[in-house]
Protein chains: 2
Amino acid sequence: MKVLVLGGDGFCGWPTSLHLSDIGHDVIVVDNLSRRAIDLELEVDSLTPIRPMGERIRVWKELTGKDIGFVNLDLAEEYDRFAQLLIDEQPDAIVHFGEQRAAPYSMRSTKAKRYTIDNNVRGAHNVLAAIVESGKDIALVHLGTMGVYGYGWSGSAPIPEGYLTVKVPTPDGDIEREILHPANPGSVYHLTKTLDQLLFAFYAKNDNLRITDLHQGIVWGTQTPQTALDERLINRFDYDGDYGTVLNRFLMQAAIGHPLTVHGTGGQTRAFIHIRDTVRCIQIALENPPAAGDQVKVFNQVTETYRVRELAELISSLTGVDVANLPNPRKEAAENDLNVSRDKFQALGLNPTLLSEGLLEESRDIAQKYAGRADTTKIIARSVWNKGMETSPDLVK
Amino acid sequence: MKVLVLGGDGFCGWPTSLHLSDIGHDVIVVDNLSRRAIDLELEVDSLTPIRPMGERIRVWKELTGKDIGFVNLDLAEEYDRFAQLLIDEQPDAIVHFGEQRAAPYSMRSTKAKRYTIDNNVRGAHNVLAAIVESGKDIALVHLGTMGVYGYGWSGSAPIPEGYLTVKVPTPDGDIEREILHPANPGSVYHLTKTLDQLLFAFYAKNDNLRITDLHQGIVWGTQTPQTALDERLINRFDYDGDYGTVLNRFLMQAAIGHPLTVHGTGGQTRAFIHIRDTVRCIQIALENPPAAGDQVKVFNQVTETYRVRELAELISSLTGVDVANLPNPRKEAAENDLNVSRDKFQALGLNPTLLSEGLLEESRDIAQKYAGRADTTKIIARSVWNKGMETSPDLVK
């Protein structure tokens, strides 16, 4: 099928584009390179030496003979060009990764909050409006986040895949209703994904759009079989205080002998998935779209859960690097349990890469190999949830 | 107190500004005159002869000696000016009417859908971000809509004021949780009000903003004691297919002998409130803000419910004008019941104007008096919820 990958230059988008191309789909990347522009703004760089989009695509063609298209386009600002692209290309499906995706960045400043809202909500709505305007039956797969659910809300019940059946008291007794799981976002970034859910629900109901929303956990790992084919295809690896997610950050810290930075008690339980499984999940979602008229199909795209301090202890015990407990820049519960339903992808054949298998490879092939590229002044998280919250000084000079 | 009224030039905003000024508050209207600009776009005009903002304010000063300020500013596009306005004026409260408020207009075209999302969501978020950035304790009162709840979802239970207590099944038995009432918006306009709810919940939680969200029914009537003081203070009255709401539209149709336009069976039950009560409700909401750290305070701002066909029959029996059943341009249930909790405003002293009292005055003083200003080619609703839906030709040439 022909697939547009929006945000196809990013950490999840690039390996997904290669995977979909590899299995025979006709892939066009749509990206305004905003993730690279934010690197410039933050004065950081991927630990891995990522190449320009043109080179990435040329190398892929040399190695496999397969073409990937590329359109440099801003989804939020260039509606007319995007709508015309749908007419010109007539894609069967769209995978939408094209949103600002870092919680700390989204809380960094008023400007970053406003950018995250404007970019993500307008972009998502433009995609929906353009599909309706095209009159074509284009399936949409969107990357959500586990963070839409909040944490620890539903007692011992596992977090369902999108929808929750509750009992509503009425004068005639309780009635059962299926509702979208109540939203409890922890940052402006997460907030945008809860807004997206309502956009999707409306367009599925009013216009019969076929939409899948994937509530993903924290992605770890860097390479997929395709990105590992040639160093010029390498995927990005973020370790900075805004974009570096917890497990990859620990691996990189261990590689350079930097203390492992745990915020607060590290009692936060989070869900994880390897990037190799992300790309497989997207494939499965594309192959199993909802029917027109169905509600939005929601999957929880996670394979394991860990407490942050458990991860730190694990990496510390493997490497001998110390753990540093720093002030928590987020407004969140110090400790939470997390019990996530993840039956749907398993039923559809996902066979996950677990932490216990992939850690060593990741540490050796990425964190240690590229450790020399690290800027240690960028490691500590400095974006805070409320003005005046405490942060840590640099731990390594 | 000092109050900024965002959207203070509109149908609800103008009489609210006068009412708040009348009872002694220091009022500044912030408006980009977008409602008047949309009149130009749609080639329609208020049935009543509204005057420019400068004249309105001058006349109010002449009659009462009271000053109302005016800042022409686009909330969605001019963040920096708005943030500076909060610093310069140090308001105690903000009343936010500054959103595109017509469901049919929001479904009229891709452009109108996109404008409604962009204007309403960015505007609301800019207000929240600017309050946080100001560092001041500024209470926010926002106009929501009954349409956030959808219709007929909760069986015989009345629609609560914002929050619903449900039972969530868990392995350890049912647990009770209070949730934001699930959203079921019927148009892109209503969708934006459900997005606003999530924005407000986040900023109340993360930044302790004090926010009140008023889920208003359909406003009818035109004048308040203040707008009736002088014809140059008159409030707007919309009768066109996009902005004309049902009861006022029927009154105007009766005044010119146009059949009363009922969409579908007219079995839709809707909630109503007189404009005189809207302005009183805003006053009550301003006088009873939530505390910092509280969740968003939600009121249902409605006083009565009627089926559309009941209203048509009532007006028809009073005036002898026929009822015309036209195709319904909306995607909605043909018939619904509506049972709305509205205890909070009653407990705080609201003594409403009911349909049975105000109809005759409205018909005589507005619809009949200004009937000669009507353009009969603008009466039929032509904005449809899906491409190709049927509409009616003009009924009167």
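Preceding block: the structure.
To keep things clear, this report deals only with the structure shown in the data block. This structure is a prediction, so every number in the text was calculated from the model and none was measured.

## Examining the relation of the copies chain A and chain B
Reasoning step 1: Rotating chain A by 180 degrees about the axis while translating it 0.0 Å along that axis superimposes it on chain B, leaving an RMSD of 0.0 Å. The superposition of one copy onto the other is thereby described by a two-fold rotation axis. Of every C-alpha in chain A, the one belonging to Lys167(A) sits nearest the axis of rotation, 2.5 Å from it.
Reasoning step 2: Most of the interface of chain A is mirrored in chain B: 100% of its interface residues are interface residues there too.

## Focus on the interface of chain A and chain B
Reasoning step 1: With 42 residues of chain A in contact, the opposing surface of chain B contributes 42 residues.
Reasoning step 2: Contributing elements (two or more residues each) for the side of chain A that touches chain B: α6 (110–134), β6 (163–168), β7 (175–180) and α7 (188–207) of chain A.
Reasoning step 3: Top element by residues in the side of chain A that touches chain B is α6(A). It accounts for eleven residues.
Reasoning step 4: Per-class residue counts for the side of chain A that touches chain B are 22 nonpolar, ten polar and ten charged.

## Re the environment of Gln197(A)
Residues and elements named next belong to chain A.
Reasoning step 1: Summarising the element assignment, Gln197 is placed in helix α7.
Reasoning step 2: On a C-alpha basis, the gap between Gln197 and Ser106 in space is 18 Å, while along the polypeptide they are 91 residues apart.
Reasoning step 3: Not counting residues up to four positions away in its chain, the partners in contact with Gln197 are Gly144, Val148, Leu180 and Asp213.

## So, the packing of helix α8 (residues 246–256) of chain B against helix α10 (residues 308–319) of chain B
Residue and element names in this part refer to chain B.
Reasoning step 1: Running from amino to carboxyl end, α8 crosses α10 at an angle of 25 degrees, the nearest separation of the two axes being 10 Å. Accordingly, the angle class assigned to the pair α8 and α10 is roughly parallel. Once α8 is placed against α10, the crossing between them reads as right-handed. Within the contact between the two elements, α8 uses Val246, Leu247, Phe250, Leu251 and Ala254 and α10 uses Val308, Leu311, Ala312, Ile315 and Thr319.
Reasoning step 2: Considering only residue class, the contact of α8 with α10 consists of nine nonpolar, one polar and no charged.

## Quick notes on the environment of Met107(B)
All names here are of chain B.
Reasoning step 1: Within the secondary structure, Met107 is located in the loop between α5 (103–106) and α6 (110–134).
Reasoning step 2: Residue Met107 is classed as buried on the basis of its C-beta count, with 24 C-beta atoms lying within 10 Å.
Reasoning step 3: Apart from the residues lying within four places of it in its own chain, the contact partners of Met107 are Lys113, Ser187, Val188, Ser383, Val384 and Trp385.

## Comments concerning α6(B)
Reasoning step 1: Between its first and last C-alpha, α6(B) extends 35 Å over 25 residues, near the 36 Å set by a 1.5 Å rise per residue.
Reasoning step 2: Gly135(B) lies just past α6(B) and shows a positive phi near 70 degrees.

## A few points about the pairing of strand β10 (residues 260–263) of chain B
Residue and element names in this part refer to chain B.
Reasoning step 1: Residue alternation in β10 divides its side chains into two sets, Leu260 and Val262 and Thr261 and His263, and both sets are buried.
Reasoning step 2: Alignment of β10 against strand β14 (residues 323–326), held across four bridges, turns out to be parallel. Residue pairing in the sheet places Leu260 in a bridge with Val323 of β14.

About the thresholds
Residues numbered from 1 in each chain as written. Chains lettered and ligands numbered in written order. Predicted model: local features only at pLDDT ≥ 70, side-chain atom pairs only at ≥ 80, totals over all residues. Least-squares fit on C-alpha atoms with pLDDT ≥ 70 in both. Contact = placed C-beta atoms within 7 Å. Helix = DSSP H or I, 4+ residues; strand = E, 2+ residues; numbered from the N terminus. Nonpolar A, V, L, I, M, F, W, Y, C, P; charged D, E, K, R; others polar. Axes fitted to C-alpha atoms, helices over the stretch in contact; angles between N-to-C directions. Parallel < 35°, antiparallel > 145°, perpendicular 65-115°, else oblique. Left-handed = near helix turned anticlockwise from the far one by under 90°. Buried ≥ 20, exposed ≤ 12 C-beta atoms within 10 Å, placed from the backbone. Expected span 1.5 Å × (residues − 1). Pairing = 2+ DSSP bridges.

Spatial relationships are all this shows, so hold off on functional conclusions.
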